[in-house]
Each structure stands twice: as C-alpha cells, then as structure tokens.
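Below, each chain spelled out in residue letters.
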Amino acid sequence: HLDSALAHKRKLNSEAQRLVRKAMAYLHEHYAEPLTRQAIAEHVGLDEDYLTYCFRQELGITPITYLNRCRINRAKYLLKHTGATVTAIALQVGFSHSRNLTRVFHRKLGTSPDAFRRTFHPAANQKLGENSEQQKEKTRNTAVGIDKTHAAAAASPAKIANCIPDTINARMKLPKNPLDLTSN
C-alpha cells in the first residue's frame, strides 16, 4: 500500500531523480561537514528550492531532514560501538554542538543519546576510577530536562526512524543503512 502511494507521488523525470541520488551520495560522503541546503544545491547544480522540491517528491522529506537522519544513524552506531562522549560523537557526525545532536536525536528516536547508549551498555557512562556517587550525579545531570512527555515519546515505536524508509531504499536501489557498518 505504501509502495503504491509512493509510486504515484513520484513525478520527477529521470534527470531530476539522478540529481536527487547525486545529492544523497554527496550527503553520505560529507555528512560530518557543516552543510547547508545551498551548498548541497550548488554541488548538484540546482536551485535550492528546486532541490527541496525534488527531494520531497522523491523521498517525502527535505535534504536537511535526510542529512540529519544520516547523522543520527551514524551517531547510533557510534553510541552502540564506541565509548566516545556524546559531544565527541556530535562533532564527529557533523553537529556543531552536542545540544543539536541531542535535540535532533530526541526528536527522531524519542530518547536522549545517553539513554540510547545505556540500553546497549548499562555501565557505558561509568569511567575507570569514578565512584558510584560521581556516577549518580552524572546521571542526574544527564537527565535534567527530560520530562513525562519525553518518556511517553520514548515508548512509542513510531518515533524511531531509520536513515531512510525501506520503500525508498528499494526504489532508489540503496542499501538499507549506508552509514552503518553493521545492521541496526
């Protein structure tokens, strides 16, 4: 049902589709850099408004939303498989500050990066030589600002998004998670 709805929505000619794929490849290669819609559009030789139109027609999202999904996908991998700090991960995946990563991460997944990491590594925030009181204080500080609304959102599977939906991956002949070195 979703495939047919997406197939009917697509109205782009093959050249516009090629440029969207070119922009997607550019985003996958340069997601860690500070990118703007203008820079992406210049790379593929389109007006930035037309690029956004083409992305919406082809994928149902904007180029910046796609970029942020790719960044979050990579951040998820790093949170699962490294001990890097959230700040280091934020900078590594292209966010200018850890607050930006946390905001986008929470919007997409309904949880914070620290909470996401704890689901895979309960002791992930514990460093050598830290006593339990220091760890409790660190956990309290991390949890500041999380309220009941956030907890309810975290329980909703609808809030969890991959880099791009499977139907788009199949149609565009892309791997499911091109930024992940392992499957999610």
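Only a predicted model underlies this, so the values are computations on that prediction, with no experimental measurement involved.

**Student:** Would you mind going over the environment of Ala 84 in detail, with residue names and values included?
**Tutor:** Looking at where Ala 84 falls in the secondary structure, it is placed in the loop between helix H5 (63-81) and helix H6 (86-92). Assessed through its relative accessible area of 25%, Ala 84 is described here as partly exposed. When neighbours within four sequence positions are excluded, Ala 84 is seen to be in contact with Ile 89 and Arg 117.

**Student:** Kindly report on H5, identifying the contributing residues and their values.
**Tutor:** Its 19 residues place the ends of H5 27 Å apart at the C-alpha level, agreeing with the 27 Å of an ideal helix rising 1.5 Å per residue. By the criterion of burial, H5 is predominantly enclosed, with 16 of the 19 residues buried.

**Student:** Before we move on, could you go through the packing of helix H2 (residues 14-30) against helix H3 (residues 37-44) and cite the residues and values that matter?
**Tutor:** Relative orientation of the contacting elements H2 and H3 amounts to 125 degrees, with a least axis distance of 9 Å. By the angle between their directions, the pair H2 and H3 is classed as oblique. The crossing of H2 and H3 is right-handed. Residues Leu 19, Lys 22, Ala 23, Tyr 26 and Leu 27 of H2 form the contact with H3, whose participating residues are Ile 40, His 43 and Val 44.

**Student:** An account of the packing of aromatic side chains is needed here, citing residue identities and associated values.
**Tutor:** Using the criterion set out here, one finds four aromatic pairs in the structure. Measuring from ring centre to ring centre gives 5.4 Å for Phe 105 and Phe 116, while their planes differ by 75 degrees; the resulting arrangement is edge-to-face. Residue Phe 105 is found in helix H7 (residues 98-109), and its partner Phe 116 is found in helix H8 (residues 113-120); the two are separated by 11 residues along the sequence. A relative accessible area of 11% places Phe 116 in the buried class. Over the face of the ring belonging to Phe 95 we find Arg 71, whose NZ or CZ atom lies 5.4 Å from the ring centre.

**Student:** How would you explain the nonpolar core if you had to name every residue and give the values?
**Tutor:** Ranked by internal contacts, the top residues of the largest apolar core, which has 37 residues, are Leu 51, Phe 55, Tyr 66 and Leu 101. Looking at this core, the elements that each hand over two or more residues are H2, H3, helix H4 (48-59), H5, H6 and H7. No other element matches the eight residues that H5 contributes to this core. If near-sequence neighbours (up to four positions away) are discounted, Leu 51 is found in contact with Ala 23, Arg 37, Ile 40, Ala 41, Val 44, Leu 46 and Pro 63.

**Student:** Describe the environment of Leu 79, and please don't skip the residues or the numbers.
**Tutor:** Take Leu 79: it is sitting in helix H5. When the C-alpha atoms of Leu 79 and Pro 113 are compared, they prove to be 7.3 Å apart, with 34 residues separating the residues in sequence. Not counting the four nearest positions on each side in its chain, Leu 79 is found in contact with Val 86, Ile 89, Phe 105, Pro 113, Phe 116, Arg 117 and His 121.

**Student:** Describe the confidence of the model for the chain, naming the residues involved and giving the relevant values.
**Tutor:** A residue-level look at the chain finds 60% of positions with pLDDT of 70 or above and a mean pLDDT of 74. Segment residues 127-132 is flagged for pLDDT under 50; beyond a separation of four residues in sequence, or across chains, it makes five contacts in the model.

**Student:** How would you explain H4 if you had to name every residue and give the values?
**Tutor:** Given a rise of 1.5 Å per residue, 12 residues ought to cover 16 Å, and the 16 Å separating the end C-alpha atoms of H4 matches this to within 8%. If you check which residues of H4 are buried, you get Leu 51, Thr 52, Cys 54, Phe 55, Gln 57, Glu 58 and Leu 59. Note on H4: the residue one or two positions beyond its end, Gly 60, has a positive phi of about 85 degrees.

What counts as what
Residues numbered from 1 in each chain as written. Predicted model: local features only at pLDDT ≥ 70, side-chain atom pairs only at ≥ 80, totals over all residues. Heavy atoms only, no water. Helix = DSSP H or I, 4+ residues; strand = E, 2+ residues; numbered from the N terminus. Buried < 20%, exposed > 50% of the residue type's maximum accessible area, 1.4 Å probe, protein only. Contact = heavy atoms within 4.5 Å. Expected span 1.5 Å × (residues − 1). Axes fitted to C-alpha atoms, helices over the stretch in contact; angles between N-to-C directions. Parallel < 35°, antiparallel > 145°, perpendicular 65-115°, else oblique. Left-handed = near helix turned anticlockwise from the far one by under 90°. Phe/Tyr/Trp six-rings, centres within 6.5 Å; stacked < 30°, edge-to-face > 60°. Lys NZ or Arg CZ within 6 Å of the ring centre and 35° of its normal. Core = buried A, V, L, I, M, F, W, Y, C linked by side-chain atoms within 4.5 Å. pLDDT = per-residue confidence, 0-100.

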